[in-house]
Amino acid sequence: MFQNTKENLKYPIMQIDLKKIYENVKYMVDMCNQNGISVAGVVKGFNGLPQVVDQFVNAGCKYIATSRMEQIIGLKEYGLKLPIMLIRIPMLSEIEELVKYVDISLNSELETLNRIEQVCKYRGRKHGVVLMFDLGDLREGVFDEEEFIELALYVEKALKNVDLLGIGTNLGCYGSIKPTQKNLGRLCSIAEEIEKRINRKLEIISGGATSSIPLLIDGKMPTKINNLRIGEGILLAKDLHDFWKYDMSHMHQDAFVLKAQVVEIKDKPTYPIGEIFIDAFGGCPSYEDKGKRKRALLAVGKQDFGFHDKLIPKNEGVKIVGSSSDHLIVDIQDLQQEIQVGDILDFHMYYAPMLYLSGSLSVKKVYI
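Residues numbered from 1 in each chain as written. Predicted model: local features only at pLDDT ≥ 70, side-chain atom pairs only at ≥ 80, totals over all residues. Heavy atoms only, no water.

Draft legend 1. Up close: the pattern of salt bridges. Summed over the entire model, instances satisfying the criterion amount to 20 salt bridges. Here the salt bridges share partners, and the residues they tie into one network are Glu-146, Glu-150, Glu-193 and Arg-197. (Salt bridge = Lys/Arg side-chain N within 4 Å of Asp/Glu carboxyl O.)

Set out below in C-alpha cells:
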C-alpha cells in the first residue's frame, strides 16, 4: 500500500530513523575502537542536524567533524560538548570564528597557521591542528615530505597558542586514490619521523575516511593509524556494500528515506518529440525509445536531491527516468499496485542525495 497524503503533512519529506543511525554509529565506533582507532563522526552529510548528531555522541564518537562553519556554530549553540573538528582547510576570512568555535582544524598553509596563532594570542585561546599530507589524491595537503616535516616542526616550536595534535591525509575524495597499506604506511613513517624530531608522540594520526574502512575490515590497517573521519560509512554504508563489495548487512542502509508526492500520472512516449538540444542544466541526456509507458511526476527535483540516479526506489516496479529542477520522473508501468495523484513514493539513497536533501529548506525533516 502507498501512503496517501494527509492534510497536516507537507511534502517532500526526509524521514530520519534515529535508532537506526545510533545502531550504525555504535557498530562502526566499536569496530574502530577495538582496533585502537578513534572516530571523528562527519556530520556534513546530513547538514549537522542536531538530533542526528546526538546519536553520534551517544554512540561513542570521540570527535564531531564537518566542513561547514555554520554547522559548527549551530552545534556549539545547541550545546554540543564533544570537540569539533573542521575538516576543510580554514579560510583566512573565518579565522576569528574558527578560534571562537572550533577545537581542531585540518591545515596545510603556513600563512593560515600564523593567522590562527595571531588570533589565538589576541583572544587568549588555544587551538589544535592536524597537518594534512597529500599522498597522491591531490586535494588538500603538503605534497613534499621534507616541507611537511619542517611545517610540523615550525608549529611545534614557533607557535605558542597552536598545538600540533597530529597529522592526517585524505584519499578517494578527489583523485579516487584507494587507501592501501603502502600509502598509509608512508603517512605512518612520516609521523614517526616527526615524533622523533619533536621528542613526543602525536595524539592523532588520521588515516582518511570511509574509503579506509576496508583496510580495517581486512585487518590490514597500519597499526599507527589511530583515527578515521567517517560519514557515509556510518550513515549508509552503501559505498562499502555496492562499490567495495563488503557484506554490510549488519548495518542499516535505510536510515534516511525520501518521501515524495505524486502530482501527475500519464501515459507518455519515452522518447522526446522534436529537435533535441540541451536540458535546463546545459546537459544533453540520452534517451531510449520504449514506446508509450505510464509515468508519474513527483514534486521534488534536482534542487533538492542533486542526482536522481543516486536515489533508489523502495517499491519494485518503480524506475527513475530523470529529473528537472523541481520534478522527479518515474516509470510506473511495471508497478503492481495502483497509485493515484497525491500518493507518496519512498526512495532510499546514496550519500549525495542525503547531502542535498538534508540541506534543502523545501524538504521537511521528520524523525522517527
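Moving on from the coordinates now.
Draft legend 2. Inspection of a nonpolar patch on the surface at higher detail. Together, Leu-138, Phe-143 and Tyr-174 line one region of the surface with nonpolar side chains, adding up to about 380 Å² of accessible area. Mapped onto the fold, Leu-138 is located in the loop between strand S7 (127-132) and helix H6 (145-158). (Patch = residues over 30% accessible without salt bridge, like charges linked within 9 Å, V, L, I, M, F, W, Y side chains within 5 Å. Areas by Shrake-Rupley, 256 points an atom, 1.4 Å probe, with all protein chains shown as cover. Helix = DSSP H or I, 4+ residues; strand = E, 2+ residues; numbered from the N terminus.)

Draft legend 3. Summary view of the environment of His-308. By the secondary structure assignment, His-308 is in the loop between helix H11 (302-305) and strand S13 (311-313). Along the primary structure His-308 and Gly-322 are separated by 14 residues, whereas in three dimensions their C-alpha atoms are 6.5 Å apart. Apart from the residues lying within four places of it in its own chain, the contact partners of His-308 are Lys-302, Ile-320, Val-321, Gly-322, Ser-323 and Leu-328. Within polar-contact distance, the side chain of His-308 engages the side chain of Ser-323 at 2.8 Å. (Contact = heavy atoms within 4.5 Å. Polar contact = N/O pair within 3.5 Å; in protein donor to acceptor, adjacent residues only side chain to side chain.)

Draft legend 4. Structural detail: the packing of H6 against helix H7 (residues 181-198). Contact geometry for H6 and H7: axes closest at 10 Å, N-to-C directions at 40°. Regarding the angle of H6 to H7, the classification is oblique. Of the two elements, H6 crosses H7, and the hand of that crossing is right-handed. Across the interface between the two elements, Glu-145, Glu-146, Phe-148, Ile-149, Glu-150, Ala-152, Leu-153 and Glu-156 from H6 touch Arg-186, Ile-190, Glu-193, Ile-194, Arg-197 and Ile-198 from H7. (Axes fitted to C-alpha atoms, helices over the stretch in contact; angles between N-to-C directions. Parallel < 35°, antiparallel > 145°, perpendicular 65-115°, else oblique. Left-handed = near helix turned anticlockwise from the far one by under 90°.)

Draft legend 5. The arrangement of the pairing of strand S6 (residues 104-107) in detail. Residues of S6 alternate between two faces, with Ile-104 and Leu-106 on one and Ser-105 and Asn-107 on the opposite face, all of them buried. Pairing of strand S5 (residues 84-86) with S6, which is carried by two bridges, proceeds in the parallel orientation. Each residue of the ladder has a partner; that of Leu-86, found in S6, is Ser-105. Crossover handedness for the path S5 to helix H4 (residues 95-101) to S6: right-handed. As judged from the four bridges shared by S6 and S7, these two strands associate in the parallel manner. Note on S7: the bridge partner recorded for Leu-106 is Val-130. (Buried < 20%, exposed > 50% of the residue type's maximum accessible area, 1.4 Å probe, protein only. Pairing = 2+ DSSP bridges. Right-handed = clockwise from strand over helix to strand, strands pointing away.)

Draft legend 6. Broad picture of helix H3 (residues 69-78). Those residues of H3 not exposed but buried are Met-69, Gln-71, Ile-72, Ile-73 and Leu-75. Buried positions along H3 lie against helix H2 (50-58), strand S4 (63-66), S5 and H4. Positive phi appears at Gly-79, one or two residues downstream of H3, with a value of about 110°.

Draft legend 7. Representation of the side chain of Glu-117. Residue placement: Glu-117 occurs in helix H5 (residues 110-123). For the buried Glu-117, no salt bridge exists, and the shortest N-O distance to an oppositely charged side chain is 6.5 Å, to Lys-121. There is a polar contact of 2.9 Å between the side chain of Glu-117 and the backbone nitrogen of Asn-161. Non-local contacts of Glu-117, meaning those with residues more than four positions away in its chain, are made with Leu-159, Lys-160, Asn-161 and Val-162. (Lys, Arg positive; Asp, Glu negative; His and termini not counted.)

Draft legend 8. Broad picture of the state of the cysteines. By the definition in use, this model includes zero disulfides. This cysteine, Cys-61, is not joined by any disulfide, and Cys-32 carries the nearest cysteine sulfur, 9.0 Å off. On the basis of relative accessible area, Cys-61 is assigned to the buried category, the value being 4%. Counting only cysteine sulfurs, Cys-32 is the nearest neighbor of Cys-188, a cysteine outside any disulfide, at a range of 15 Å. (Disulfide = S-S within 2.5 Å.)

Draft legend 9. Fine view of the packing of aromatic side chains. On inspection of all chains with the given rule, the structure shows five aromatic pairs. Between Phe-243 and Tyr-350, the ring centres sit 5.9 Å apart and the planes meet at 20°, which makes this aromatic pair stacked. Of this pair, Phe-243 sits in the loop between helix H10 (238-242) and strand S11 (256-269) while Tyr-350 is found in the loop between strand S16 (343-349) and helix H12 (351-359), placing the two residues 107 residues apart along the sequence. Of the residues examined, Tyr-350 reaches a relative accessible area of 16% and is grouped as buried. Consider the rings of Phe-307 and Tyr-356, whose centres lie 5.9 Å apart with planes at 80°: the pair is edge-to-face. On the criterion of sequence distance, the pair formed by Phe-307 in the loop between H11 and S13 and Tyr-356 in helix H12 is long-range, its members being 49 residues apart. For Phe-307, a relative accessible area of 40% puts it in the partly exposed group. (Phe/Tyr/Trp six-rings, centres within 6.5 Å; stacked < 30°, edge-to-face > 60°.)

The values are spatial; any link to function lies outside them.
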